[in-house]
Amino acid sequence: MQVLEIVRPSSPTEDFRGQYGELNCYSSIRGAIEAEASNDSVHLFFPDVLQDKAAEFLTGFRGRSMYAVKANPHAEVLKTLYTAGVRDFDVASIREVELVAGLLPGAKLYFMHPIKSRQAIQRAYMMGVRAFAFDHMDELNKILEETGYAEDLELFLRLGVSAKGAAYELSGKFGAPLDMAPMLLSRARQVAMKLGVSFHVGSQCMRPGAFSEAILQAAAVVGHAGIKLDVIDVGGGFPVAYPGMEPPALDSYFQTIHSALDMHGFADAETLCEPGRALVAESGAVAARVELRKGTDLYLNDGTYGALFDAGVPEWPFPLSLITADGRATLDETSFYRCFGPTCDSCDKMEGPFPLPVDVAEGDWVIFEHLGAYGHTMQARFNGFYSETMVAISRETDTPNTISVPTLVAAPTLIA
Ligand SMILES: *Cc1c(COP(=O)(O)O)cnc(C)c1O
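Residues numbered from 1 in each chain as written. Predicted model: local features only at pLDDT ≥ 70, side-chain atom pairs only at ≥ 80, totals over all residues. Heavy atoms only, no water.

- The name an unreviewed UniProt entry assigns to the chain is ornithine decarboxylase, from the organism Kordiimonas lacus.
- Checking UniProt for the chain, the heading Cofactor (unreviewed entry) contains the comment "pyridoxal 5'-phosphate".
- The UniProt entry for the chain carries the following comment under Catalytic activity (unreviewed entry): "L-ornithine + H(+) = putrescine + CO2". (UniProt positions renumbered as here; feature names shortened; annotations may be inferred.)

Some details on the packing of helix α2 (residues 47-60) against helix α3 (residues 75-84)
In step 1: Here α2 crosses α3 at 45°, and the two axes come no closer than 9 Å. Compared by their axis directions, α2 and α3 come out oblique. For the crossing formed where α2 meets α3, the hand is right-handed. Note on element contacts: α3 touches α2 through V77, T80, L81 and A84, opposite P47, L50, Q51, A54 and L58.
In step 2: For the contact of α2 with α3, the class distribution of residues is seven nonpolar, two polar and no charged. (Axes fitted to C-alpha atoms, helices over the stretch in contact; angles between N-to-C directions. Helix = DSSP H or I, 4+ residues; strand = E, 2+ residues; numbered from the N terminus. Parallel < 35°, antiparallel > 145°, perpendicular 65-115°, else oblique. Left-handed = near helix turned anticlockwise from the far one by under 90°. Contact = heavy atoms within 4.5 Å. Nonpolar A, V, L, I, M, F, W, Y, C, P; charged D, E, K, R; others polar.)

Points about the pairing of strand β6 (residues 108-111)
In step 1: The sheet contact formed by strand β5 (residues 88-91) and β6 spans four bridges and is parallel. The partner of D90 across the bridge, within β6, is Y110.
In step 2: After leaving β5, the chain enters helix α4 (residues 94-103) and then returns to the sheet as β6, a path that is right-handed.
In step 3: Summarising the sheet, β6 and strand β7 (residues 131-134) pair through two bridges and their orientation is parallel. Looking at the pairing, Y110 lines up with A131 of β7.
In step 4: The parallel pair β6 and β7, bridged by helix α5 (residues 118-126), forms a crossover whose chirality is right-handed. (Pairing = 2+ DSSP bridges. Right-handed = clockwise from strand over helix to strand, strands pointing away.)

Describing the site of the ligand
In step 1: As a matter of local geometry, the ligand sits amid 13 residues, with K70, S203, E274, R277 and Y374 nearest to it.
In step 2: At 2.8 Å from an oxygen atom of the ligand is found a side-chain nitrogen or oxygen belonging to K70.
In step 3: The protein chains hide 89% of the 390 Å² of surface that the ligand would expose on its own.
In step 4: Grouping the amino acids of the shell around the ligand by side-chain chemistry returns three nonpolar, five polar and five charged. (Near = heavy atom within 4 Å. Polar contact = N/O pair within 3.5 Å; in protein donor to acceptor, adjacent residues only side chain to side chain. Areas by Shrake-Rupley, 256 points an atom, 1.4 Å probe, with all protein chains shown as cover.)

Digging into the packing of aromatic side chains
In step 1: This structure, assessed with the given rule, holds 17 aromatic pairs.
In step 2: Seen in terms of ring centroids, F57 and F254 are 5.3 Å apart; in terms of plane orientation they differ by 70°. Their pairing is edge-to-face. Highlighted residues: F57 in helix α2 and F254 in helix α9 (residues 250-263), separated in sequence by 197 residues. Across the pair, exposure class does not vary: F57 and F254 are buried alike.
In step 3: Grouping aromatic residues by their ring pairs yields a cluster made of F57, F61, F211, F238, Y253 and F254.
In step 4: Over the ring of Y82 we find R87; its NZ or CZ atom is 3.8 Å from the centre of that ring. (Phe/Tyr/Trp six-rings, centres within 6.5 Å; stacked < 30°, edge-to-face > 60°. Buried < 20%, exposed > 50% of the residue type's maximum accessible area, 1.4 Å probe, protein only. Lys NZ or Arg CZ within 6 Å of the ring centre and 35° of its normal.)

What about the confidence of the model for the chain?
In step 1: Of the residues in the chain, 91% reach a pLDDT of 70 or more, and the chain-wide mean stands at 91.
In step 2: Confidence drops under a pLDDT of 50 for residues 1-7, and excluding neighbours within four residues, the segment shows 11 contacts in the predicted structure.
In step 3: Scored below 50 in pLDDT, residues 397-416 makes 30 contacts in the model with residues more than four places away or belonging to other chains. (pLDDT = per-residue confidence, 0-100.)

With respect to α3
In step 1: Across the 10 residues that make up α3, a large majority, eight, are buried.
In step 2: Among the residues making up α3, those that are buried are A75, E76, V77, L78, K79, T80, L81 and Y82.
In step 3: Count one or two residues on from α3 and you reach G85, which has phi positive near 115°.

Remarks on the UniProt feature "active site" (unreviewed entry) in the chain
In step 1: According to UniProt, the "active site" (unreviewed entry) feature falls on C344.
In step 2: Mapped onto the elements of the fold, C344 is located in the loop between β17 (334-340) and β18 (349-357).
In step 3: Looking at C344, the relative accessible area reads 69%, which means it is exposed.

Next up, the structure:
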């Protein structure tokens with residue numbers, strides 16, 4: 001879909017490197033913002049950061065790392081992950097199934113939403129999906145009925161584990177109560193080709209111990225059911241560093257999980273994890289322009305109905321930086337600002353307080369960093385404000401001439 005506001009650079013600027021897939025690629029954020037001359041906010045994507053993060057999961061976690069697509073379903077993000085070696089994708093809706101299946105025919109899809117429509121189950125199965133999650137007997141029956149009692153199903157019982165330590169609780173909505181779980185597992189064992197349990201300790205989980213506690217609870221349930229389990233899926237929730245939230249290194253999560261699996265009888269089980277945020281957050285940022293300044297209130301061209309939902313509603317502390325409109329150096333002194341989004345709704349407000357230079361002015365761009373997860377995908381179209389402008393930024397910002405355009409032009413090749 002083309003939008004009038006998207007302005008392609010008519011003549012390659014010094015910072016323009018060519019295409020990264022469907023995205024214009026630049027060597028610097030400032031160069032990108034100036035060349036795109038966008039009326040909307042600008043989504044920045046750092047493919048090399050994403051490749052490194054994917055490698056960290058693929059080499060550090062001993063099982064398979066499946067990407068939770070909802071965190072950022074952009075085609076270039078999905079293709080970059082696939083190219084980096086990610087082959088497993090956690091999808092939650094039939095549109096996500098169709099998106100990933102269409103883009104990455106070699107990917108394995110796991111339909112991990114515990115509550116699916118009958119049409120979605122039927123269509124997903126027809127499209128080759130075999131892995132489905134459930135957290136209730138009625139959902140298990142739906143899966144069986146809509147797949148014609150297929151004999152090649154991989155079924156995952158989503159457990160409602162209790163594990164403290166996440167900034168975003170996810171246990172309030174899904175997950176079988178632990179006292180019901182053994183009965184559900186026994187029933188599923190009779191019909192599943194492969195049987196697994198899954199859980200989610202909550203997003204931005206700051207304590208590796210939350211994973212071992214959840215694994216212990218899963219072990220108790222499996223013991224109670226007296227069945228053999230094929231797969232354990234430890235879910236998402238791996239954290240990212242934000243100001244005031246400095247989690248332990250990813251590797252200490254992996255080590256904690258590995259030893260808990262060995263200790264609690266899962267040494268031989270196939271292992272999966274489902275990172276969303278931790279895979280993609282650091283590979284994205286959103287640049288929002290100051291349209292007007294009133295004292296310490298900044299009126300931006302993006303907000304809570306756009307990519308900045310997390311900055312306004314859960315008041316997530318994103319790292320910030322500023323690109324000045326005129327290239328001036330900013331003053332060292334900091335002020336604390338409140339920000340407003342562009343829609344006419346007074347809810348479209350981000351209290352912050354956001355620390356930025358005292359001399360922020362109209363036309364400057366505020367960069368919300370680490371917003372590659374739950375940013376672009378959150379946009380509504382309320383009031384006509386949204387952005388389809390996404391650009392790739394190559395890492396070597398200081399040495400634009402050392403990367404030749406051809407290496408970046410090499411769009412990910414997909415294996416059918
Ligand atoms: C959202 C979600 C994830 C990803 O969670 P993160 O906290 O972003 O890692 C993984 N699995 C399921 C089932 C989810 O709903």
